[in-house]
Amino acid sequence: MKSLLRRAFFYLVTAWAAISLNFLIPRIMPGDPAEHLINQFHGRLSPSAVTAMRALFGQSDKSLWQQYLDYWHNVFTGDFGLSYAYYPATVSEVLRTSMWWTLVLITLCTVIAFVLGTGLGVLAGWKRGTWLDSLVPVTTFVSSIPYFWFAIIVVLLFAMTLKWFPISGGYSWDATIGLNWPFISSALYYAVLPAFTIIAASVGGWLIGMRNMMVTTLSEDYVRLAEAKGLPPRRVVFTYAARNAMLPSLSGFAMSLGFVVGGSIVTEVVFNYPGIGTVLFKAAQAADYPLMSAIFLFITVMVLIANLLADVAYTFLDPRTREA
Amino acid sequence: MVAAINMEAQASEAGPRASRRAWLRALGRPLTATGVIITIFFAVVAIIGPWLAPYDPSAVSDAATAAPSAAHWLGTTQNGQDIFSQMLYGARVSMFVGVGAAVVSTFLSVLVGLLAGYLGGAADELLSLVANVFLVLPALPLTIILAAYLPNSGSLGIIFVISITGWAWGARVLRAQTLSLRRRDFVEAARATGDRTSLIILRDILPNQIAIIAASFLGTVTGAILTQAGLAFLGLTDVTQWSWGTILYWAQVSSALLTGAWWWFVPAGLAIALLGTGLSLVNFGIDEFINPRLRQAGIGTRKAARGITKRRRATRRRPPRVSRPAAVPFTPDSTDVILEVQNLKVDYLGEYGSSTPAVNDVTFTLRRGEVLGIAGESGSGKSTLAYAITRLHKPPATISAGQILYTRPDGAKVDVLGLNEQELRDFRWEELSIVFQSAMNALNPVLRIGEQIADAIKAHRPQMTEVDRAKRVIELLQLVGIQPDRVRAYPHELSGGMRQRAMIAIGLALDPEIIVMDEPTTALDVVIQRQIVEKIMELKDKLGFSVIFITHDLSLLIELSDTIVVMYGGRIVERAAAQDFYRDPRHPYSRGLLASFPTLSGPRRELTGIPGSPPNLRNPPPGCAFHPRCPLAFAACSEVVPPLYQLETATGRTTDAACLIYDTSVSEGTSR
């Protein structure tokens, strides 16, 4: 329990660092991006929007400390200002409409890829020296492919050539968003290709990591003792080998998750999926800093929550961390 | 397996020449070699690519969106730019960013990792915290923001941005490695002699981490190239500077996908994936170099597996369990044989069809109720023998010859090497159990002690009710002197002595006929050692099982064994009743061994020891393996492998010793 609290505290520190970084970056970067941006709008911005934009880059009469406090106030009230890419919508509004698409898609894909990759890794580690060894170079190749490029190829094959799935978008144009069957079924249908891309591109990392851990764990004495006891192979593989081999895999979740989320975001762009990735792309195109910052914060918080959940699972699986 | 790992460990500790050989061996692996070739190919393209390019990559022409042809090998863009030329120019930028970012972030990793690990204390806490924060922050969104704030950032800006987010992982790995290195003797010694910190880090710590640093470097190159491609694809880099990512950006912006211009986006992605694969393959080679267990994984596995299937016989029904006869005290004249090992040979299969015999032509019998002690130095093959008896040896070890016969209490003989998988599982633990050397390593850290006893019972007595099983577990724990309330304890919650007792409880779970004990007390302190040994002997008298006790502690062995077998270089060199052995060891090696151990009881004697070191099993000396160290060796010893000679003893029994001094036809005239 104590170790979990310590982890939770660490994530709070990380969240604080991310938010402060977000505050600092516009203020320490060279050049005058505010002026540049304001000019781009050719006077279409309201005076209050111009002031907000200047404030964002630290061009304000207030002291830096006061700016920092205001900034925290804004973070907690969800007030990230106006979006310049989706002008005149606010950043919060843009986030609210796009976040669910990404949350559902990435959560599902990460869980599926983790379970699938770990399971295959257990198998490949257990049956090492058989044809399953050839999975290693194949998955290495697949996981070296940039997610977004893999997405392009998937679209080319399954949407353009075979026409099995739609080319882009998140749902059919004639469905209305809500809890109704036409919408859900069309959302699922549209999600198949993006999901397939993300799962296929990320499964290899889990697989290789788990396989190597299995190989290492299988030469542990406790696995040999389990075999000596005449236990059924299933119990030896899962309760003795895989149960222990999984632990480093789970604690490596942090690094991998950031990678997967990053990759998935760019994937969305290819599919023009109505999630955060596509929004981030448009924000980057329009140099919409408030929106980009808010998206960064949102993703960071989500990744931190996912990490905390992984830590809870770890504590559940490893009794050694429970007592300390 | 254990012995093989030791051999590998010795190989990598043997000095620079041996480790260079290990590098070369890693390079010789086809996958690693492929990776190296791919990597070198792209490096060369990055350097000379722009000079090879047939066109200016930005020059527009009339051939818009043309498919690959002789004039344009990879076709053209919407504006008629030559994609092949763009690829060649792009290689340089992509590789430059990849390598540049890897250099900067590896430098940061090494700096932070070594400092944190070496300095420890508050500096370590702080640096580790910073590294962990950067590790958890999702890198890509952060890089996107940073890149967006650096308008039209060129390669250097992108390198800066990627390095800021990319150093943390390497720093963490290096810190852990430095921490463990810092405690090693040679570093401690340097600190004690007052060398400067920077000197110690540069001279003693850094060189030991080269492999890890290289792996981290290559990993970062891949990561940086992927990140650069992602940033460029999102239009966050200078889109007029050609890189593989920029090509994909223009393809996306110009809807190349919708117009079916596959040649526009396929080559760039393929190049990134291919380079990434090449670098990963090199990294696998480094991984296997660092972690010998991975290296072992493939070798000999198939061959060893085939060996087992060849031996498989027709399936037989599971025999009905017979009631165990009551325990009878063992007498030296007993002929009630329970286990016969005949001419057993265990080989470690090497990489190029080579094989190293770890156990060679070993024959002995174990009688009901007997305690058979097996003695030998490390590397003598005694543990390999113990594992081979239960067929627990792992590839690359394989049983290449011999027979193991077990006699059930009802008199039926079982050919252990002929059992199929299911029969083997039934045989194990029911008839023969093992107590491992290190209980800490042999107990599953994530399972409760009670459950690790119960699962053996459950596997063999599926009809037993849960209540009865729980009762039996408690009974077993009490038998070995563990409080019943510890049944729900995890291994890490027990003391070393308790863990070893728990191991013995597991070994007794099914009331086996034979218990093999592989150095069961080596890791314990002397007092606990004595308690455990007394407990084992007490239980043996009570329950009547036979024991094969393996140790290098000869004085202990003489005290508790009925019969002693001495192994050297994988062979039995002497087999004698314990009393006879103590009074009159017959093999020169046994004499040397006895002279190098003080006994717990009995008269004091001068300790001498044996000069020289155990034989290298890969390249054993010809003839008797002991002859280079033997004070009595003569010419024939380096030519003939001595068989076991049966010798009369003072007590009227016989002792077997494998030494040519007992061969009348060879030794007379030539010896002494």
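Residues numbered from 1 in each chain as written. Chains lettered and ligands numbered in written order. Predicted model: local features only at pLDDT ≥ 70, side-chain atom pairs only at ≥ 80, totals over all residues. Heavy atoms only, no water.

## Comments concerning the overall build of chain A
As a reminder, the rule being used: Numbering goes from the N terminus for both helices and strands, where a helix is a DSSP run of H or I of at least four residues and a strand is a run of E of at least two. Partly exposed describes any residue whose relative accessible area lies between the buried limit of under 20% and the exposed limit of over 50%, with all areas from a 1.4 Å probe on protein chains only and scaled to the type maximum. Whether two residues are in contact is decided by their heavy atoms: any pair within 4.5 Å suffices. Working definition of accessibility: Shrake-Rupley area with a 1.4 Å probe, residue cover restricted to the visible protein chains.
Regarding its fold elements, chain A presents 14 helices and 0 strands. Its C-alpha atoms put chain A at 80 × 55 × 40 Å along the principal axes. Residues counted as buried form 56% of the 324 residues belonging to chain A. Across chain A, contacts joining residues at least 24 apart in sequence account for 74% of those joining residues at least 6 apart. Summed over all atoms, the accessible surface of chain A reaches about 14,300 Å², with 71% contributed by carbon and sulfur.

## A few points about the interface of chain A and chain B
Applicable threshold: Computed with a 1.4 Å rolling probe, the buried area is the accessible surface lost when two parts are put together, summed over both parts. Salt bridge, as used here: a side-chain nitrogen of Lys or Arg that lies within 4 Å of a carboxyl oxygen of Asp or Glu. Whenever a nitrogen or oxygen atom comes within 3.5 Å of another N or O atom, the pair is scored as a polar contact, on the condition that within protein one atom can donate a hydrogen and the other can accept it, and that pairs from neighbouring residues in sequence are kept only if both atoms are in side chains.
Taken together, the contact between chain A and chain B spans 84 residues of the former and 79 residues of the latter. Interface area, chain A with chain B, both sides summed: about 7,400 Å², of which 73% is carbon and sulfur. Sorting the residues of chain A by area buried against chain B places W149, R224 and K229 of chain A first, and these three jointly supply 10% of that buried surface. Run the count over chain A and chain B and you get 3 salt bridges. K229 of chain A is the partner of D455 of chain B in a salt bridge, and the nearest nitrogen-oxygen pair spans 3.0 Å. Between chain A and chain B we count 14 residue pairs in polar contact (both at pLDDT 80 or more) in total.

## Side note on helix α8 (residues 181-218) of chain A
Residue and element names in this part refer to chain A. To keep things clear, this is the line we draw: One less than the number of residues in a helix, times 1.5 Å, gives the span that helix is expected to have. Consider a residue and the seven residues that end there alongside the seven that start there; fitting an axis to each set, the bend is the angle between those axes.
Here α8 contains 38 residues, and its C-alpha end-to-end distance of 48 Å is more than 12% below the 56 Å for a straight helix at 1.5 Å per residue. The sharpest bend along α8 reaches about 40° and sits at V192, with the proline P194 one to four residues further on. Most of α8 sits inside the fold, with 27 of its 38 residues counted as buried. For α8, the N-terminal cap is N180; the gap from its side-chain oxygen to the backbone nitrogen of F183 is 2.9 Å.

## Brief notes about the UniProt feature "transmembrane region" (unreviewed entry) in chain A
Residue and element names in this part refer to chain A. Heads up, the condition is: UniProt positions are given in the numbering used here, feature names are shortened, and annotations may be inferred rather than shown by experiment.
In this numbering, the UniProt entry assigns the feature "transmembrane region" (unreviewed entry) to residues 9-29, 100-126, 147-167, 187-208, 250-271 and 291-317. Spanning residues 147-167, this segment combines 71% helix with 0% strand, and its end C-alpha atoms are found 16 Å apart. For the annotated span residues 187-208, helix accounts for 100% and strand for 0% of the residues, and the straight-line distance between the end C-alpha atoms is 32 Å.

## Thoughts on the domain arrangement of chain A
All names here are of chain A. The criterion, for reference: Domain limits in this description derive from either an automatic procedure or a database domain assignment. Each residue receives one of three labels: charged for Asp, Glu, Lys and Arg, nonpolar for Ala, Val, Leu, Ile, Met, Phe, Trp, Tyr, Cys and Pro, and polar for the others, Gly being one of them.
Taken domain by domain, chain A holds domain 1 (2-77) and domain 2 (91-321). Here domain 1 and domain 2 have C-alpha centroids that lie 31 Å from each other. Contact residues are listed per partner, giving 17 residues for domain 1 and 15 residues for domain 2. Both sides of the domain 1 and domain 2 interface together cover about 1,300 Å² of buried area, and 74% of this is carbon and sulfur. For the pair domain 1 and domain 2, the number of links is 1 salt bridge. Ionic pairing is found between D311 and R7, a salt bridge with its closest N-O pair at 2.9 Å. Here domain 1 and domain 2 share 3 residue pairs in polar contact (both at pLDDT 80 or more) between them. Ranked by residue count, the leading element in the side of domain 1 that touches domain 2 is helix α1 (residues 2-28), at 10 residues. Classifying every residue of the side of domain 1 that touches domain 2 by side-chain character gives 12 nonpolar, 4 polar and 1 charged.

## What about the pattern of salt bridges?
For the structure on display, the rule yields 23 salt bridges over all chains. Its salt-bridge partner being D124 of chain B, residue R175 of chain B comes within 2.6 Å of it at the nearest N-O pair. Pair noted here: R175 of chain B is in helix α8 (residues 168-182) and D124 of chain B is in helix α5 (residues 121-136), with a separation of 51 residues, a long-range link. A salt bridge links R408 of chain B to E431 of chain B; its shortest N-O distance comes to 2.9 Å. Placement of R408 of chain B in the loop between β4 (397-407) and β5 (413-415) and of E431 of chain B in the loop between α17 (421-427) and β6 (432-435) is noted, with a sequence separation of 23 residues between them. Taken individually, R408 of chain B and E431 of chain B each receive the classification buried, so the pair is uniform in this respect. Salt bridges linked by common partners bring K229 and R235 of chain A together with E451 and D455 of chain B together as one network.

## Quick notes on the nonpolar core
This is how it is decided: By nonpolar core we mean a set of buried residues, namely Ala, Val, Leu, Ile, Met, Phe, Trp, Tyr and Cys, connected to one another through side-chain atoms within 4.5 Å.
In this structure, M292 of chain A together with W244 and F265 of chain B are the most contacted members of the largest nonpolar core, which totals 144 residues. Setting aside its immediate chain neighbours within four residues, F265 of chain B contacts W149, I152, I153 and L156 of chain A together with L248, A251, A256 and L257 of chain B. Judged by nonpolar contacts, the second largest core, of 100 residues, contains I374, A397, I532 and C630 of chain B.

## Section: the packing of helix α12 (residues 244-253) of chain B against helix α13 (residues 262-290) of chain B
All names here are of chain B. For the record, the criterion: With axes taken as lines fitted to C-alpha atoms, and helix axes fitted only over the stretch in contact, angles between N-to-C directions fall between 0 and 180 degrees. Reported orientations rely on four angle classes, namely roughly parallel under 35 degrees, roughly antiparallel over 145, roughly perpendicular from 65 to 115, and oblique for the rest. Take the far helix as the reference: if the near one is turned anticlockwise from it by less than a right angle, the crossing is left-handed, and if turned clockwise, right-handed.
Packing of α12 against α13 brings their axes to within 9 Å, and their N-to-C directions diverge by 150°. Comparing their axes, α13 and α12 come out roughly antiparallel. Here α12 and α13 pass one another in a crossing that is left-handed. Of the residues in α13, those touching α12 at W244, I247, L248, W250 and A251 are W264, F265, A268, A271, I272 and L275. Considered class by class, the residues forming the contact of α12 with α13 number 11 nonpolar, no polar and no charged.

## Looking at the pairing of strand β11 (residues 645-648) of chain B
All names here are of chain B. Put simply, the rule reads: Strand pairing is defined by DSSP finding a minimum of two bridges between the two strands.
Going residue by residue along β11, you find Y645 and L647 tucked away on one face and Q646 and E648 left uncovered on the opposite face. When β11 meets strand β12 (residues 654-657), the two strands line up antiparallel, connected through 4 bridges. From the neighbouring strand, L647 faces β12, where its bridge partner is T655. Hairpin connection, β11 to β12: the antiparallel pair is bridged by 5 residues, and G652 has positive phi, about 90°.

## Brief notes about the side chain of T197 of chain A
Relative to the helices and strands, T197 of chain A resides in helix α8. Not counting the four nearest positions on each side in its chain, T197 of chain A is found in contact with Y147, F150, A151, V154, T267 and F271 of chain A.

## Examining the packing of helix α12 (residues 276-285) of chain A against helix α13 (residues 289-317) of chain A
Residues and elements named next belong to chain A. Where α12 contacts α13, the two axes come as close as 9 Å, and the packing angle between them is 150°. Between α12 and α13, the crossing angle belongs to the class labelled roughly antiparallel. In the crossing of α12 with α13, the sense of the turn from one axis to the other is left-handed. Across the interface between the two elements, I276, V279, L280, A283 and A284 from α12 touch L291, M292, I295, F298 and I299 from α13.

## Remarks on the sheet that holds β12 of chain B
Residue and element names in this part refer to chain B. Taken in spatial order, the 8 strands make up an open sheet running β6-β7-β8-β3-β9-β10-β12-β11, and their pairing is mixed. Of all strands in the sheet, those bounded by a partner on one side alone are β6 and β11. Each strand of the sheet is rotated relative to its neighbour by a mean of 20°, with strand direction disregarded. Relative to strand β8 (residues 546-551), helix α16 (residues 382-389) is tilted by about 150°, and along the sheet it contacts β3 (371-375), β6, β7 (514-518), β8 and β9 (563-568). Relative to the sheet, helix α21 (residues 496-508) contacts β6 and β7, its axis offset from that of β6 by approximately 175°.

## So, the sheet that holds strand β1 (residues 337-349) of chain B
All names here are of chain B. Ordered in space as β2-β1-β4-β5, the 4 strands form an open sheet in which the pairing is antiparallel. Looking at the sheet topology across the chains shown, the edges are occupied by β2 (355-367) and β5. For this sheet, the mean angle separating the axes of adjacent strands, direction not counted, is 5°. Here 8 bridges tie β1 to β4, and the two strands are oriented antiparallel to one another. Its bridge partner lying in β4, V341 is registered against I404.

## Comments concerning the confidence of the model for chain B
Residues and elements named next belong to chain B. The line we're drawing: Confidence of the predictor at the level of single residues is given by pLDDT, which spans 0 to 100.
Per-residue pLDDT for chain B has a mean of 80; in total, 86% of the residues score no lower than 70. Per-element confidence in chain B is highest for helix α20 (residues 466-479), whose mean pLDDT is 91, and lowest for helix α1 (residues 2-13), whose mean pLDDT is 33. In this model residues 1-18 is a low-confidence stretch, pLDDT under 50, and it forms 23 contacts with partners more than four residues away in sequence or in other chains. Long-range and interchain partners of residues 298-320, a stretch whose pLDDT sits below 50, account for 39 contacts in this model, where long-range means more than four residues apart.

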